[in-house]
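# Architecture and fold: a report
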Amino acid sequence: MASTHIAQLNIGRFRYPTDDPRMAGFMRNLDRINALAERSEGFVWRLKDESNNATAIRPATDPTTAVNLSVWESVEALERFVWATVHKQFYNRKAEWFEPLSRPHFVLWPIEPGHSGP
């Protein structure tokens, strides 16, 4: 077992409401991509609600803000999922669904295996 895992958080701002037809390509594939993440080697945990995703979780007052938080055994495991699976195809289409952000919107940090939060 690794001495630390890696947590990642990324924030986006939806271009349209999640029920808008222009978001269908993203929303229709959430369960598929999330299931792929959970089956990926090195996956540990991801933030989700009763809908099995995190799109309804609003960490800010802006209703267009979306978050993705997950924990992986290593940066390499996360990298494999992001760039060596079908996830890459959806990542490459992010401009269709998310506004460009002018501030940092992605962070990685080490986390102790088994850490359950504050």
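Everything numeric in this text was worked out from a predicted model, so none of it was measured. (Residues numbered from 1 in each chain as written. Predicted model: local features only at pLDDT ≥ 70, side-chain atom pairs only at ≥ 80, totals over all residues. Heavy atoms only, no water.)

## A word on the overall build of the protein chain
When helices and strands are tallied, the protein chain shows five helices and four strands. Of the regular secondary structure in the protein chain, the N- to C-terminal order runs β-α-α-β-β-α-α-α-β. For 118 residues, the compact-globule formula gives about 13 Å, and the C-alpha radius of gyration of the protein chain, at 14 Å, lands near that figure. The dimensions of the protein chain, computed from C-alpha atoms along their principal axes, are 45 × 30 × 30 Å. Burial status across the protein chain gives 33% buried among its 118 residues. For the protein chain, the share of sequence-separated contacts (at least 6 apart) that also reach a separation of at least 24 residues comes to 77%. Positive and negative charge centroids in the protein chain, built from 14 and 14 side chains respectively, lie 6 Å apart. (Helix = DSSP H or I, 4+ residues; strand = E, 2+ residues; numbered from the N terminus. Rg over C-alpha atoms; globule rule 2.2 N^0.38 Å. Buried < 20%, exposed > 50% of the residue type's maximum accessible area, 1.4 Å probe, protein only. Contact = heavy atoms within 4.5 Å. Lys, Arg positive; Asp, Glu negative; His and termini not counted. Charge placed at Lys NZ, Arg CZ, Asp CG, Glu CD.)

## Comments concerning the packing of aromatic side chains
In this structure the tally under the stated criterion is eight aromatic pairs. On the numbers, 5.4 Å between centres and 85° between planes, the contact of Phe43 with Trp72 is edge-to-face. Taken together, the residues Phe43 in strand 2 (residues 43–46) and Trp72 in strand 3 (residues 65–72) connect sequence positions 29 residues apart. The exposure classification of Phe43 matches that of Trp72, with both residues buried. Judged by centre distance (4.9 Å) and plane angle (75°), the ring pair of Trp83 and Tyr91 falls under edge-to-face. On the accessibility criterion, Tyr91 (34% relative accessible area) is partly exposed. Members of the aromatic cluster, connected to one another through ring pairs, are Phe14, Phe26, Phe90, Trp97 and Phe98. (Phe/Tyr/Trp six-rings, centres within 6.5 Å; stacked < 30°, edge-to-face > 60°.)

## Quick notes on the sheet that holds strand 4 (residues 106–111)
Read from one edge to the other, the open sheet built from four strands follows the order 2-3-1-4, with strand pairing classed as antiparallel. Two strands bound the open sheet, and with one partner strand each, they are strand 2 and strand 4. Neighbouring strand axes in the sheet, compared pairwise and without regard to direction, differ in orientation by 20° on average. Contacting strand 1 (5–13), strand 3 and strand 4, helix 3 (residues 75–83) crosses the sheet at an angle of about 130° to strand 3. (Pairing = 2+ DSSP bridges. Axes fitted to C-alpha atoms, helices over the stretch in contact; angles between N-to-C directions.)

## Section: helix 2 (residues 30–39)
An α-helical turn contains 3.6 residues, so any two residues separated by three or four positions project in the same direction. Taken residue by residue, helix 2 has Leu30, Ile33, Asn34, Leu36 and Ala37 as its buried positions. Buried residues along helix 2 cover an arc of 155° about the axis, so they all sit on one side. Here the buried face of helix 2 lies against helix 1 (24–27), strand 2, strand 3, helix 3 and helix 4 (87–91). (Arc of directions from axis to C-beta.)

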